[in-house]
Structure formats: structure tokens, C-alpha cells
Amino acid sequence: MTNDLRENRTPGAILLNMLIAAASLFINGFGVYLTIQANIGAAPWDVLNLGLSRSLGILYGTASIAVSLTILLIDVLLREPIGIAMFIDAVVVGKAVDFFNHIHAVPPCRSLLTSIPVLIVGLFVLAYTQYAYMAASLGCGPRDTLLVGLAKRVKRVPIGAVSIALLSTATLLGWLLGGPVGLGTLLCAFGAGPVMQLAFRTVRFDATGIRHQRLRDSARVLFSSKAL
């Protein structure tokens, strides 16, 4: 990958990386869909999305967008860096799940013999697509940004503990709204990190080495007559 493409120095590079981010996040939605169809409890944030969906009678994607945009607003208030991919993430993933639900891509699992493998495949899909959209260097997802923002403000608390508190809050709120909590919730909460680490290692990807472009810098490149 050239420096211009990796660092989004030209309008063409930004537009191409937006397309890469959108495509990878659409497939990421399939990973989310698989973890839900495993039918043994959803991932913490999906417990909240599904709880809102069921209690308000709206589509999963609509609930997901509402949650994502709310978190994005909190990120802005925390003055955390905002990138174009955060908005793509907020919209595309949830609506991708709605699409796969609409076409009935995978039936709900009925036993642990199928549930566990489907959930694990879903976690790997999530991990590899997260690599793809993070490599576009246009920003992390709203939830990851919130985690980092909160961790900065409670420096004496390990980021792992902050993550557990955040996921526990999302799970509790979702459960109170009728979201599905079960074995899959625990597997997603504690298994997503190791699966992601393994996936990143196989493609030799260092997420900490990515310099994400802020929204204002992307706008400057897109609407300026000269590239940065």
C-alpha cells in the first residue's frame, strides 16, 4: 500500500479507503449476524441493540444506528478524534444485519453443536473485517473510541476494567429491555479480544501503528485544490 493511499493524502485515496471501509463493515455486519444467529445470547452491545429493537418494535439496524450515533455524540463531547469511518460504521453495520435478516441468510441455530461453531466463525469474520476497515486509516468505531476516551479519564483504572464496566452496562441495559443474554454473551465478551489478536497476527497488522485521519483533515483534502 502506497503512502498516499495509507495516509489519505489525496481525494482519490480517501474515496477508495471509504469504499474499502464500507465494504469491510458490510461484511462485518455478517459477522454480527452470525453471532446473533448462533442463538445462545448476543454480544454485549448487540444485547442492547436487540433489546431496543424488541421493546420499541423497530429494526435491529435502526436501533444500532441510534445507539451508535448516541455514542458518537458522547465521543464528540469527550473531544475524542472523529473520522469518516466512524459514521460509516454507525450506519452500515446495523443495516447489513437487517439485510442478512431479510434474506434469511442463516437460520437460527438449535443446538450447541451448531451454535458454538457459528459464533466462532462470526467472531473471526468480525476480526478480519475490523482489520480491513482500520487499515483504511479513517477512524475507529464509535464504541472503541468511547472506550479509549473513558480510559483516558480514569487513568488509575486499567483499560480492561473500563472495557468490562462498559460492556456490563450495555448488557444490563439490553437485558432489562428484553435483549438475549446467555453463553454467547460471555463467549463474545471474553473471546472477541483473543480472536482479534490472533487474526491481526496472521496478517501482521499492528493496530497501534495506524495514524487515523481526523474528519476535518479528510474534509480539507477532499475539498482543497491541493492534496496534503
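Note that this is a predicted model, so its numbers are computed, not measured.

Now for the packing of helix α7 (residues 142-153) against helix α8 (residues 159-176). Across the interface, α7 lies against α8 with an axial gap of 9 Å and an inter-helix angle of 125 degrees. As the angle between them shows, α7 and α8 are arranged oblique. As α7 packs across α8, the resulting crossing turns out to be right-handed. Across the interface between the two elements, Leu146, Leu147, Leu150 and Ala151 from α7 touch Ile159, Val162, Ser163 and Leu166 from α8. Classifying every residue of the contact of α7 with α8 by side-chain character gives 7 nonpolar, 1 polar and no charged.

Between its first and last C-alpha, helix α6 (residues 112-134) extends 32 Å over 23 residues, near the 33 Å set by a 1.5 Å rise per residue. For α6, the set of buried residues is Ser115, Val118, Leu119, Gly122, Leu123, Val125, Leu126, Ala127, Thr129, Gln130, Tyr133 and Met134. Contacts from the buried residues of α6 go to α2 (11-37), α5 (84-102), α7 and α9 (183-202).

So, on to the side chain of Glu80. When you line up the elements, Glu80 lands in the loop between α4 (60-77) and α5. A polar atom in the side chain of Glu80 sits 3.2 Å from the side chain of Arg153. Apart from residues lying up to four places away in sequence, Glu80 is in contact with Asp75, Thr145, Val148, Gly149, Lys152 and Arg153.

Turning our eyes to something else, we now look at a nonpolar patch on the surface. A cluster of nonpolar side chains, contributed by Leu172, Leu173, Trp175, Leu176 and Val181, occupies part of the molecular surface with about 520 Å² of accessible area. Inspection of the secondary structure puts Leu172 in helix α8. The class of Leu172 is partly exposed, set by a relative accessible area of 48%.

A few words on α9. A turn of α-helix holds 3.6 residues, and therefore any two residues three or four places apart point the same way. Compared with the 28 Å implied by 1.5 Å per residue over 20 residues, the 27 Å span of α9 between its first and last C-alpha is a close match. Along α9, the sharpest kink reaches roughly 45 degrees, centred on Gly191 and followed within four residues by the proline Pro194. Among the residues of α9, Gly184, Thr185, Cys188, Gly191, Val195, Ala199 and Phe200 are the ones counted as buried. Where α9 ends, the next residue or the one after it, Arg204, has phi of about 55 degrees, a positive value.

Counting through the fold element by element, Ala38 comes out in the loop between α2 and α3 (44-56). Once the C-alpha coordinates of Ala38 and Trp175 are considered, the two residues, 137 residues apart in sequence, prove to be 18 Å apart. In this structure, Ala38 is in contact with Cys109, Ser115, Val118 and Leu119, ignoring residues within four places of it in sequence.

All right, on to the confidence of the model for the chain then. Low pLDDT means the predicted coordinates in that region are not meant to be read closely. Across the chain, pLDDT averages 92, with 96% of residues at or above 70. When mean pLDDT is taken per element in the chain, α3 scores highest with 97 and helix α1 (residues 3-7) scores lowest with 62.

A separate point is the packing of aromatic side chains. Inspection of the entire model under this criterion finds 8 aromatic pairs. Each ring, one from Phe200 and one from Phe205, has its centre 5.0 Å from the other, and the planes form 90 degrees; the classification is edge-to-face. As far as the burial class goes, Phe200 and Phe205 line up, both buried. Clustering of aromatic rings is evident, with ring pairs tying together Phe26, Phe30, Tyr33, Phe99 and Phe100.

About the criteria used
- Residues numbered from 1 in each chain as written.
- Predicted model: local features only at pLDDT ≥ 70, side-chain atom pairs only at ≥ 80, totals over all residues.
- Heavy atoms only, no water.
- Axes fitted to C-alpha atoms, helices over the stretch in contact; angles between N-to-C directions.
- Helix = DSSP H or I, 4+ residues; strand = E, 2+ residues; numbered from the N terminus.
- Parallel < 35°, antiparallel > 145°, perpendicular 65-115°, else oblique.
- Left-handed = near helix turned anticlockwise from the far one by under 90°.
- Contact = heavy atoms within 4.5 Å.
- Nonpolar A, V, L, I, M, F, W, Y, C, P; charged D, E, K, R; others polar.
- Expected span 1.5 Å × (residues − 1).
- Buried < 20%, exposed > 50% of the residue type's maximum accessible area, 1.4 Å probe, protein only.
- Polar contact = N/O pair within 3.5 Å; in protein donor to acceptor, adjacent residues only side chain to side chain.
- Patch = residues over 30% accessible without salt bridge, like charges linked within 9 Å, V, L, I, M, F, W, Y side chains within 5 Å.
- Areas by Shrake-Rupley, 256 points an atom, 1.4 Å probe, with all protein chains shown as cover.
- Salt bridge = Lys/Arg side-chain N within 4 Å of Asp/Glu carboxyl O.
- Bend = angle between axes of the 7 residues up to and from the residue.
- pLDDT = per-residue confidence, 0-100.
- Phe/Tyr/Trp six-rings, centres within 6.5 Å; stacked < 30°, edge-to-face > 60°.

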